[in-house]
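# Architecture and fold: a report
In case you want the letters, here they are:
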Amino acid sequence: MSEGGAARGPITGECHEAQVELVEHAVYCTGYPTMQRCFTLTIVRHWALRKKLFTISYQQSAAMSTLLINQSKYAWLKELGLSEDNDGVYNGNWGGKGEATMAEYEETVQKSRDAWKVWADIPAPKRGEIVRQIGDALRKKIKVLGSLVSLEMGKIYVEGVGEVQEYVDVCDYAVGLSRMIGGPVLPSERPGHALIEMWNPVGLVGIITAFNFPVAVYGWNNAIALICGNVCLWKGAPTTPLTSVAVTKIVAEVLEQNNLPGAICSMTCGGADIGTAMSKDERVDLVSFTGSTHVGKMVAMLVQERFGRNLLELGGNNAIIVFEDADLNLVVPSAVFASVGTAGQRCTTTRRLMLHGSIHDVVVERVAKAYKQVRIGDPWDPSTMYGPLHTKQAVDQYLAAIEQAKQQGGTVVCGGKVMDRPGNYVEPTIITGLAHDAPIVHTETFVPILYVLKFQTEEEAFAWNNEVKQGLSSSIFTKDMGRVFRWLGPKGSDCGIVNVNIPTSGAEIGGAFGGEKHTGGGRESGSDSWKQYMRRSTCTINYSKDLPLAQGIKFE
């Protein structure tokens, strides 16, 4: 890619780009162990306007030889419709010659609104049929798309494929839902009257997703929003742009085959400026944002200023609580999976492990032993269980959190170091000895650090679970059924996900996914989450010749 058609020059990997290129260079984004390469977006206009995070200069001939897509090992990228240069804006047509401009954003929103006029007239079951076809199209590309997720984000291959499977599963779920959404017929107190609830689409749903699940989170929103009669405008994470492009190409092909406007599922790559525009834009009827609590708060305030709707999926400081009667054969693998999976970069990652005093030492010993058996390596190796962090900044956050934990009284019993190998690899870490209310324990750090806390009573454990600002996921391990129902009840966990004898991560798509407090309150995927994407009207119909008033009021 080049500026104004000139020869390829400096490449910048920053957060405000809209055209993408496959480039091989020193590890930055995914931190792959052996490849030492990253997918980088290049910007082709107005260099002076951008904040450069890193720059690599090279000659055009050298650049061509280092493009991943031109190497036989990565020829599969072409199966996803990717090429050497990839446009980063789609609104029925592909475009975007660099950082998405406000003019390009404006055009995309207008085309999306026009597309809604077509989409909203299609019966819901017919919309479900289109979503079914999207799911089938994803199935055909599940392995190559999963490989791209792994390469660009850094998660292990099986998790990359599993993430695409989530989108497929939600499509299947949405197909059935397209024949079931609707409101009740309610009994009216007035003779000759019917009282019904009508649900209609909100219109245009803006979807802003994060790097850690660059396919699944869009899928949760997209499939459900579509069957509800909405159109979608997607802004993916700036560090996983090729995944956004590849997914959009798959969806766009289905729409094209059905002679439907491509702008039903629009996409624009970009940074904070595009996200801010979506949040402020009254034409975007619902903004679904997944990301940090800090940014989510800003999005919420911008949307609320215009009395718009938002759906927030933000941070989590999730706890597993292990009581003295727990089955430790369930506890140990659950704690390891939930704290180490995706290298600690899930919003549902277990960050606090609360152990009853009587079993504290034995559980710490067993979990630490299991940590040392976790196979760390190339995410594409089928035997690998743990890959790199997404960025160098995450490595810095990891080191800073460990230092703070030590200063606040913690002891590192496992891990604690950056690994001496190419890429953003850190050791999965266990820290004991901290107070339950230590500042670092109450801070969500998006890295694989597990804080182990010792408790004595049920009341104490439940209170510690609820004292953090976030309220996403939680789990207890016990055989006491009375305790189980206290945990599920009003004085138990205050989280949106409340588990028993399973990890905090790995939610199924059939339930509503989301959390309380600083997690944002939004719900996506299953159960009645579809209601977030629709507006409700209460309708009273008089089919009699009389005009009785409610509450027996006489006005004669």
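Residues numbered from 1 in each chain as written. Predicted model: local features only at pLDDT ≥ 70, side-chain atom pairs only at ≥ 80, totals over all residues. Heavy atoms only, no water.

- The protein appears in an unreviewed UniProt entry as Alpha-aminoadipic semialdehyde dehydrogenase from Oncorhynchus tshawytscha.
- Per UniProt, the comment on the protein under Pathway (unreviewed entry) is "Amine and polyamine biosynthesis; betaine biosynthesis via choline pathway; betaine from betaine aldehyde: step 1/1."
- Taken directly from UniProt, the Sequence similarities (unreviewed entry) text for the protein runs: "Belongs to the aldehyde dehydrogenase family." (UniProt positions renumbered as here; feature names shortened; annotations may be inferred.)

### Focus on the packing of helix α3 (residues 124-140) against helix α7 (residues 241-257)
- Following both chains from N to C, one finds α3 and α7 inclined at 135°, their axes separated by 9 Å at the closest point. For the element pair α3 / α7, the angle class is oblique. When you trace α3 past α7, the crossing you get is right-handed. The residues of α7 that touch α3, namely those facing I130, Q133, I134, A137 and L138, are I250, V251, V254 and L255.
- A breakdown of the residues in the contact of α3 with α7 according to their chemical character gives 8 nonpolar, 1 polar and no charged. (Axes fitted to C-alpha atoms, helices over the stretch in contact; angles between N-to-C directions. Helix = DSSP H or I, 4+ residues; strand = E, 2+ residues; numbered from the N terminus. Parallel < 35°, antiparallel > 145°, perpendicular 65-115°, else oblique. Left-handed = near helix turned anticlockwise from the far one by under 90°. Contact = heavy atoms within 4.5 Å. Nonpolar A, V, L, I, M, F, W, Y, C, P; charged D, E, K, R; others polar.)

### Topic: the nonpolar core
- Among the nonpolar cores identified, the biggest contains 92 residues, and W76, L80, I134, L145, L148, Y167 and I264 are the most heavily contacted of them.
- Looking at this core element by element, the count peaks at 9 residues for helix α6 (residues 216-227).
- Other than its neighbours up to four places away in sequence, Y167 contacts I134, L138, V215, Y218, G219, N222, V247 and V251.
- One finds V336, A338, V340 and I430 within the second-largest nonpolar core, a separate group that totals 54 residues. (Core = buried A, V, L, I, M, F, W, Y, C linked by side-chain atoms within 4.5 Å. Buried < 20%, exposed > 50% of the residue type's maximum accessible area, 1.4 Å probe, protein only.)

### What to know about the environment of E129
- Along the chain, E129 turns up in helix α3.
- As for E129 and I227, which are separated by 98 residues in sequence, their C-alpha atoms are 8.9 Å apart.

### Re the packing of aromatic side chains
- Applying the stated rule across the entire model yields 11 aromatic pairs.
- With 3.8 Å between their ring centres and 10° between their planes, Y218 and W234 make a pair best called stacked. Taken together, the residues span a long stretch of sequence, with Y218 in helix α6 and W234 in strand β11 (residues 231-235) at a distance of 16 residues. Residue Y218 shares its accessibility class with W234, and that shared class is buried.
- Where W220 meets F513, the ring centres are 4.9 Å apart and the plane angle is 50°; that geometry is what we call tilted. Here W220 is found in helix α6, whereas its partner F513 is found in strand β23 (residues 512-513), with 293 residues between them in sequence. Summarising the burial analysis for this pair, W220 and F513 share the class buried.
- Here a set of aromatic residues connected by ring pairs shows up, and it is made of F323, F455, F462 and W487.
- The ring of W94 carries the charged tip of K249 above its face, separated from the ring centre by 4.4 Å. (Phe/Tyr/Trp six-rings, centres within 6.5 Å; stacked < 30°, edge-to-face > 60°. Lys NZ or Arg CZ within 6 Å of the ring centre and 35° of its normal.)

### Examining the sheet that holds strand β19 (residues 449-455)
- Taking strand neighbours across the sheet as the criterion, the 7 strands line up as β17-β18-β19-β16-β15-β21-β22 in an open arrangement whose pairing is mixed. Because the sheet does not close on itself, it has two edges, and the strands there are β17 (411-414) and β22 (497-500). In this sheet, neighbouring strand axes are inclined to one another by 25° on average, regardless of whether the strands run parallel or antiparallel.
- The strands touched by helix α12 (residues 392-407) are β17, β18 (429-432) and β19; relative to β19, the strand with the most contacts, the crossing angle is about 25°.
- The sheet contacts of helix α14 (residues 481-488) involve β15 (318-322), β21 (473-477) and β22, and relative to β22 the element is tilted by about 175°. (Pairing = 2+ DSSP bridges.)

### Some details on the pattern of salt bridges
- In this structure the tally under the stated criterion is 19 salt bridges.
- Notably, a salt bridge pairs R536 with E197, separated by 3.7 Å at the nearest N-O pair. Here E197 lies in strand β9 (residues 193-201) and R536 lies in strand β26 (residues 534-542), a separation of 339 residues in the sequence.
- Using a relative accessible area of 18% as the deciding quantity, one classes E197 as buried.
- A salt bridge links R486 to E458, with the shortest nitrogen-to-oxygen separation between them at 2.8 Å. Linking R486 in helix α14 with E458 in helix α13 (residues 458-466), this pair joins segments that are 28 residues apart in sequence.
- One continuous salt-bridge network, built from bridges that share partners, spans E129, R132, D136, R139 and D172. (Salt bridge = Lys/Arg side-chain N within 4 Å of Asp/Glu carboxyl O.)

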